[in-house]
Amino acid sequence: LDLMINRYLERFAADRTGIVDYAMAATHGRVVDHSPTYKLKRRGVTNILNFLKSSQPISRNPPSQVLKPGIEPGSCWSMEGADGFVLIKLSKRIIPDKLSLEHASPKILLSTGSAPKDFEVYGTNAGKYTVEMEKTLLGRGTYDLHGKSTLQQYKLKAGGKSFNHTLFKVKSNYGEDYTCIYRIRIHGTEL
């Protein structure tokens, strides 16, 4: 029994969920398409001074950051606006059943407006995002910035369908003109 408990604790400690993440970059998950990355708008001295006075640095990480461990402030991908997407190629074809979304703790952030709020998750086998792409809604959720944990999980309903890509669509954030996505994990059953 002790051996079983120790194995479970090691697995849980490895990624805080104890569940396989089919989106993780280390297991060959990858971002294949995404909304534009946020760029500081340089419109003269006033905007630069506002940036220097801003309370939260803007991440310069690539979109692939959302598939890597790490939720320290700034270890995210900054997406343009409060409405956008990340299309993820999973490491294996699965029947998705759960999404884990993680954000840095508001206790250690100077500004929380860039956290994703409302989102949708779709399953697809398309490798490029288009408005007309064939996709299946797997679930909707709201990230609770002040919830019990920075790691929040949401049930997905695939209706027995399997997919090799997931589309994570941010529908709103907590008030900024950009959205920081720290970590997306997709869990499910291999075929």
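For the structure, see preceding data.
Residues numbered from 1 in each chain as written. Predicted model: local features only at pLDDT ≥ 70, side-chain atom pairs only at ≥ 80, totals over all residues. Heavy atoms only, no water.

Peer 1: Teacher, can you tell me more about the overall build of the chain here?
Peer 2: Secondary structure summary: the chain contains 2 helices and 9 strands in total. Taken from N to C terminus, the helices and strands of the chain fall in the order α-β-α-β-β-β-β-β-β-β-β. Burial statistics for the chain: of 191 residues in total, 46% are counted as buried. The contacts of the chain with a sequence gap of at least 6 include a subset with a gap of at least 24, amounting to 79%. Counting only carbon and sulfur atoms, one obtains 55% of the accessible surface of the chain, whose full area is about 10,200 Å². (Helix = DSSP H or I, 4+ residues; strand = E, 2+ residues; numbered from the N terminus. Buried < 20%, exposed > 50% of the residue type's maximum accessible area, 1.4 Å probe, protein only. Contact = heavy atoms within 4.5 Å. Areas by Shrake-Rupley, 256 points an atom, 1.4 Å probe, with all protein chains shown as cover.)

Peer 1: Hey, could you run me through the packing of aromatic side chains in this one?
Peer 2: Aromatic ring pairs: the centre-centre distance and the angle between the two ring planes describe each pair. Tallying each qualifying case throughout the model produces 4 aromatic pairs. Summarising the aromatic geometry, the rings of phenylalanine 119 and tyrosine 154 are spaced 4.9 Å apart at their centres and angled 85° between planes, so their arrangement reads as edge-to-face. Of this pair, phenylalanine 119 sits in strand β4 (residues 118-124) while tyrosine 154 sits in strand β6 (residues 151-155); the two residues are 35 residues apart in sequence, bridging distant segments of the chain. Taking NZ or CZ as reference, lysine 135 lies 5.5 Å from the ring centre of tyrosine 122, over its face. (Phe/Tyr/Trp six-rings, centres within 6.5 Å; stacked < 30°, edge-to-face > 60°. Lys NZ or Arg CZ within 6 Å of the ring centre and 35° of its normal.)

Peer 1: I keep staring at the side chain of aspartate 33 and nothing clicks. Help me out?
Peer 2: Relative to the helices and strands, aspartate 33 is located in strand β1 (residues 30-34). Within the structure, the side chain of aspartate 33 is placed 3.0 Å from the backbone nitrogen of tyrosine 129, a separation counted as a polar contact. Not counting residues within four places of it along the chain, the set of residues in contact with aspartate 33 comprises Phe85, Val86, Leu87, Lys128 and Tyr129. (Polar contact = N/O pair within 3.5 Å; in protein donor to acceptor, adjacent residues only side chain to side chain.)

Peer 1: Just to check I follow, could you spell out the pattern of salt bridges for this structure?
Peer 2: Close approach of charged atoms allows side chains with opposite charge to pair. The full count for this structure, using the stated rule, is 5 salt bridges. A salt bridge links aspartate 21 to arginine 183; the shortest N-O distance between them is 3.1 Å. Here aspartate 21, found in the loop between α1 (2-15) and β1, pairs with arginine 183, found in strand β9 (residues 183-190); they are 162 residues apart in sequence, far enough to count as distant. By relative accessible area, which is 2% here, aspartate 21 ends up buried. Lysine 92 is the partner of glutamate 190 in a salt bridge, and the nearest nitrogen-oxygen pair spans 3.3 Å. Taken together, the residues glutamate 190 in strand β9 and lysine 92 in strand β3 (residues 84-102) connect sequence positions 98 residues apart. Judged by its relative accessible area of 39%, glutamate 190 is partly exposed. Here lysine 92 falls in the partly exposed class, since its relative accessible area comes to 41%. (Salt bridge = Lys/Arg side-chain N within 4 Å of Asp/Glu carboxyl O.)

Peer 1: I'm lost on the nonpolar core in this one. Help?
Peer 2: Nonpolar side chains tend toward joint burial in soluble globular proteins. By size, the foremost hydrophobic cluster in this structure holds 28 residues, and its most contacted members are Val66, Leu99, Leu101, Phe168, Ile181 and Ile184. Residue assignment for this core shows that the elements contributing at least two residues are β2 (77-80), β3, β4, β7 (163-170) and β9. Ranked by the residues each element gives to this core, the list is headed by β3, at 6 residues. What valine 66 contacts, discounting residues up to four positions off in sequence, is Val31, Trp77, Val86, Ile181, Tyr182, Arg183 and Ile184. Membership of the second largest hydrophobic core comes to 7 residues, among which are Tyr38, Ala104, Tyr178 and Cys180. (Core = buried A, V, L, I, M, F, W, Y, C linked by side-chain atoms within 4.5 Å.)

Peer 1: Please explain unusual backbone geometry as it appears in this structure.
Peer 2: Residues apart from glycine generally show negative phi values, whereas peptide bonds are mostly found in trans. Despite not being glycine, histidine 28 shows a phi value in the positive range, around 80°. When you line up the elements, histidine 28 lands in the loop between α1 and β1. By relative accessible area, histidine 28 is classed as exposed at 66%.

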